[in-house]
Amino acid sequence: MALMIGDLYSLHYPINLSNTQPLVKECQILKFDCNGKKKLMAINATASGRAINGKKINGIHVEEYPHLGQNGNVVIESGSSSSAAAVNHSYMLGNFVDERFVYRQSFVIRSYEIGPDKTATMETIMNLLQETALNHVANSGVGSNGFGATREMSLRKLIWVVTRIQIQVEQYSSWGDVVEIDTWVDAAGKNGMRRDWIIRDSNTRNIITKATSTWVIMNRETRRLSKIPEQVKAEVRPFYINKFAIPTAQIDSEKIEKLNDETAQIITSGLAPRWSDMDANQHVNNVKYIGWILESVPINVLEDCNLMSLTLEYRRECQLSNVLQSMTTLREIATSASDKNSGMECTHLIRMEADRAEVVRARSIWQRKR
């Protein structure tokens, strides 16, 4: 089972996040005066100012060329009350919408986030979903010093873990595109939580990606699953919203078959986690499994098809010392009414190479490029 960030709503929202009037944010840059003394330059950035493609990125916009001394710039001596922590926090801000139940944030697709076909990769999409969820927690006020945990969870040494996530992609963004991501949470049974996301193209306003996920609670020391304590339920229950990114009829709830040496068509061995694959909870970040899954997908599928849907079922944690195998089996399917062989459905398994223990099961849908 892989770990991701916690996803919760706040009992208290900072007043500046709910203010409907144009907000003025302040960021700082390092500057030297004539005597070589370090100073911090604070730049006032308004919601009506210029931004990338007309959109604020990460909730803040900085005027171009602040060192030229445009109106609104204020010099603040280094060591003043405007701390670096406040500056970093301002870059994480998005907006609360839909009566503050939904958190919204914009991102620009950078050059290192695209793949060989010059569009954002599935790993990029997953990373942006994770970043939005984490910033949602950070800005909602319910988070503690833990990585996405609530205050009551931190007191009990509990963390959230994702058990299943499904992503549907209608269109992949290109380098320089700006995307807008909405995220929210709801209950999932008696002892789970669901987090959903939608991604829009900022220019067209079209929804280009939808995702849904299920979470449970784990003790970070014993690594055992736990029921959600009543104190934690009391923190989050008032902020659930009954809203679905993916219609119930389209949610991939079917069982993902377990592959073995006989049923897998392709097996890639010797996949070893690196130190850079580890996350803040000292295990392999869930996004890393996508790359390992693709290691056993034939190159012609990667070149000729687009990955349109991916469902991941996390079953076990992976540590730095583990060595993995990636397994895949494929079959042709119809992804359009006019072509019976217009795509591929793949079943995947990531397992331990030593004892064959399952780590992740997955199912992917690929559509041939037109």
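Procedures and definitions
Residues numbered from 1 in each chain as written. Predicted model: local features only at pLDDT ≥ 70, side-chain atom pairs only at ≥ 80, totals over all residues. Heavy atoms only, no water. Helix = DSSP H or I, 4+ residues; strand = E, 2+ residues; numbered from the N terminus. Contact = heavy atoms within 4.5 Å. Polar contact = N/O pair within 3.5 Å; in protein donor to acceptor, adjacent residues only side chain to side chain. Core = buried A, V, L, I, M, F, W, Y, C linked by side-chain atoms within 4.5 Å. Buried < 20%, exposed > 50% of the residue type's maximum accessible area, 1.4 Å probe, protein only. Salt bridge = Lys/Arg side-chain N within 4 Å of Asp/Glu carboxyl O. 1 Å grid on protein atoms, 1.4 Å probe; cavity = no way out; pocket = protein on both sides within 12 Å on 5 of 7 lines; lining within 4 Å. Points joined across faces, edges and corners; volume = space filled by probe spheres on them. Nonpolar A, V, L, I, M, F, W, Y, C, P; charged D, E, K, R; others polar. Pairing = 2+ DSSP bridges.

Mapped onto the secondary structure, N285 falls in the loop between β11 (266-271) and α6 (288-294). For N285, the residues in contact, after removing those within four places along its chain, are Q130, D277 and D279.

It is worth spelling out the environment of V178 at this point. Take V178: it is sitting in strand β7 (residues 178-187). Considered as a pair, V178 and N203 are 25 residues apart in the sequence and their alpha carbons are 7.6 Å apart.

Next up on the list: the side chain of R194. As for its placement among the helices and strands, R194 is situated in strand β8 (residues 193-201). Here D196 takes part through its side chain, which lies 2.6 Å from a polar atom of the side chain of R194. Of note is the side chain of R194, whose polar atom sits 3.0 Å from the backbone oxygen of K243. Beyond its immediate stretch of four places on either side in the chain, R194 contacts W184, V185, D186, A187, A188, T212, S213, W215, I241, K243 and F244.

The subject of this paragraph is the nonpolar core. Of all hydrophobic cores here, the largest spans 59 residues; its most connected members are I167, Y289 and L312. With near-sequence residues (within four places) excluded, L312 lies in contact with M126, T163, R164, I165, I290, I293, V360, R361 and A362. Counting residues in hydrophobic clusters, the runner-up holds six residues, among them V97, V102, W184 and A245.

Turning next to the pattern of salt bridges. One side chain can pair with another of opposite charge once the charged atoms of both are near each other. Per the counting criterion, the structure on display carries 26 salt bridges. When the shortest N-O distance is used, the salt bridge between D261 and R351 registers 2.6 Å. Of the two residues, D261 sits in the loop between α5 (230-236) and β11 while R351 sits in strand β14 (residues 343-352), which places them 90 residues apart along the sequence. Of the charged contacts in the structure, one is a salt bridge between E358 and R361, with a shortest N-O distance of 2.4 Å. With respect to class, E358 is no different from R361; both count as buried. Each of R164, D252, K258, E313, R315, E358, R361 and R363 takes part in salt bridges that share partners, so that together they form one network.

Applying the stated criterion across every chain yields a total of three cavities of 30 Å³ or more. Approximately 80 Å³ is the volume attributed to the largest cavity. Residue lining of the largest cavity: 13 residues in total, with I125, S173, V179, I199 and I208 positioned closest to the centre. For the lining of the largest cavity, the leading source of residues is helix α3 (residues 122-140), giving three residues. Taken together, the residues of the lining of the largest cavity sort by class into nine nonpolar, four polar and no charged.

Another aspect to go through is the pairing of β8. Of all nine residues making up β8, nine are buried, and the element is well covered by its neighbours. Burial along β8 is two-sided: the residues M193, R195, W197, I199 and D201 and R194, D196, I198 and R200 are all buried. Note that β7 and β8 share nine bridges and pair antiparallel. Opposite E180, over in β8, you have R200 as the bridge partner. Where β7 folds back on β8, the antiparallel hairpin that results is connected by five residues, among which G189 adopts a positive phi of roughly 70°. The sheet contact formed by β8 and strand β9 (residues 207-219) spans eight bridges and is antiparallel. Residue R195 lies in a different strand from β9, and its bridge partner there is S213. Counted along the chain from β8 to the antiparallel partner β9, the turn is five residues long, and its residue R205 has a positive phi close to 70°.

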